[in-house]
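Descriptive structure summary
Listed here are the chains, written in short residue letters.
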Amino acid sequence: MINAAIIGATGYAGAELVRILARHKEVDIKYLCSKSYEGQNYADIFCNIRNIIDKECSKDDIEAMAEECDVIFTATPQGYLNSILTEDILEKAKVIDLSADYRIKDVSTYEKWYGIKHGSPKLINEAVYGLCEKNREDIKKARLIANPGCYPTCSYLSIAPALEHGFIEPKSVIIDAKSGTSGAGRGAKVANLFCEVNESIKPYGLPNHRHTPEIEEQLSYAAKEEVMLNFSPHLVPMMRGILVTAYGDLKQRADGSYPTEGEIRDAYEKAYENERFVRFLDEGVLPETRWVRGSNMADVNVVYDDRTKRLIMTGVIDNITKGAAGQAVQNMNLMFGFDEASGLDLIPAVP
């Protein structure tokens, strides 16, 4: 058994961490931290945990928690962890950060896109980008995990195989993405009220949504060259889920031919054939958010458009689970030598 602490336990990602870890056979949740609810019983805030967890919310003293816990999850706003994390803390406990503080390797890029001065830039290079399907072996040896963003997770899984094999032009990629309202967090915002969101859909963050540099950086690693893309997120009136539909121009070969649909499908099938949480769907079956809701699954497929010589790449995840808490637990399992799927055998909830 390992002891775990969750800082930011009363946000949506924090609550999802609690839901998953409460049934993990190898984990004891020792601390649930929340400034807003300090001293309150957690089950009074999230009644789904009643009679499952009986614990009060405490203040977030990360140094004290590092003395007693093996792993600390930080489901906190950008800027929180990088302002307090030290080498001394990492020597005592592993840290899995669900914010963007350590995802982007260039500190100036982080500071430009997030408008925050980074407080511990020396730790950025040590942080492992926690996309298990990409960095599994590095994650096993890590002390600090930069848990990927929800949009970047879905975008990478949908697009990366096409770039890795040189099937599409790296600078032709356009990502059209849709997210449920939980992606905006639990804080009270007029723009996210039911009457503002219901029966409507809207783009936001155009043309410079802050997940753009993270997506470009990770896809550039896949392509082995710079990827510059358009990323257009939209808010849709559902609670959970992300849908990515991305487009890329097929790359013409020296002999004038283009990659075939069979070659592309074979590459995707090989990329994900041994992945427990990524399902490459049968030809003609397009991903739907309802088929992954409440699970750590990602569904991916591609459509070959011979008329326009473009590849359409599409994928879905639950933004709170595979896009945040589920992926964080998947990382934890690798870091501590547990079965990667421990606690994550979550069958999608239908309807």
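Quick caveat: nothing in here was measured; it's all calculated off a predicted structure.

The grouping of Glu-261, Asp-266, Glu-269, Glu-273, Asp-282 and Glu-283 at the surface amounts to a negative patch. Within the secondary structure, Glu-273 is located in the loop between helix H10 (261-272) and strand S12 (278-280).

Below, the discussion takes up the sheet that holds strand S10 (residues 230-235). Within the open sheet, the seven strands sit side by side as S9-S10-S8-S11-S14-S13-S12. Their pairing is mixed. On the outer flanks of this sheet lie strand S9 (202-203) and S12, each paired with one strand and no other. Relative to strand S13 (residues 298-305), S12 runs parallel, the two being bridged by three bridges. Looking across to S13, one finds that Phe-280 is bridged to Val-300. Strand contacts of H10: S12, S13 and strand S14 (310-317), with the helix running at about 170° to S13, the strand carrying the most contacts.

Attention now goes to the nonpolar core. Core analysis: the largest hydrophobic core is formed by 43 residues, its most contacted members being Tyr-42, Phe-73, Ile-96 and Met-332. Counting residues per element, the ones that place at least two in this core are strand S1 (2-7), helix H1 (12-21), strand S2 (27-33), helix H2 (42-45), strand S4 (71-74), helix H6 (132-140) and helix H11 (321-335). For this core, the leading source of residues is H11, giving seven residues. Not counting chain neighbours up to four residues away, the residues in contact with Phe-73 comprise Ala-4, Ala-5, Ile-6, Ile-7, Leu-17, Leu-21, Ile-96, Leu-98, Ala-328, Val-329 and Met-332. If you look at the next biggest cluster of nonpolar residues, it comprises 40 residues, including Leu-219, Ala-222, Val-244 and Val-302.

Bringing the pairing of strand S11 (residues 242-249) into the picture now. Successive residues of a regular strand alternate their side chains across the two faces of the sheet. Two elements, strand S8 (residues 174-179) and S11, share six bridges in a ladder whose sense is antiparallel. Considered in S11, the bridge of Asp-176 is made with Thr-245.

What counts as what
Residues numbered from 1 in each chain as written. Predicted model: local features only at pLDDT ≥ 70, side-chain atom pairs only at ≥ 80, totals over all residues. Heavy atoms only, no water. Patch = residues over 30% accessible without salt bridge, like charges linked within 9 Å, V, L, I, M, F, W, Y side chains within 5 Å. Areas by Shrake-Rupley, 256 points an atom, 1.4 Å probe, with all protein chains shown as cover. Salt bridge = Lys/Arg side-chain N within 4 Å of Asp/Glu carboxyl O. Lys, Arg positive; Asp, Glu negative; His and termini not counted. Charge placed at Lys NZ, Arg CZ, Asp CG, Glu CD. Helix = DSSP H or I, 4+ residues; strand = E, 2+ residues; numbered from the N terminus. Pairing = 2+ DSSP bridges. Contact = heavy atoms within 4.5 Å. Axes fitted to C-alpha atoms, helices over the stretch in contact; angles between N-to-C directions. Core = buried A, V, L, I, M, F, W, Y, C linked by side-chain atoms within 4.5 Å. Buried < 20%, exposed > 50% of the residue type's maximum accessible area, 1.4 Å probe, protein only.

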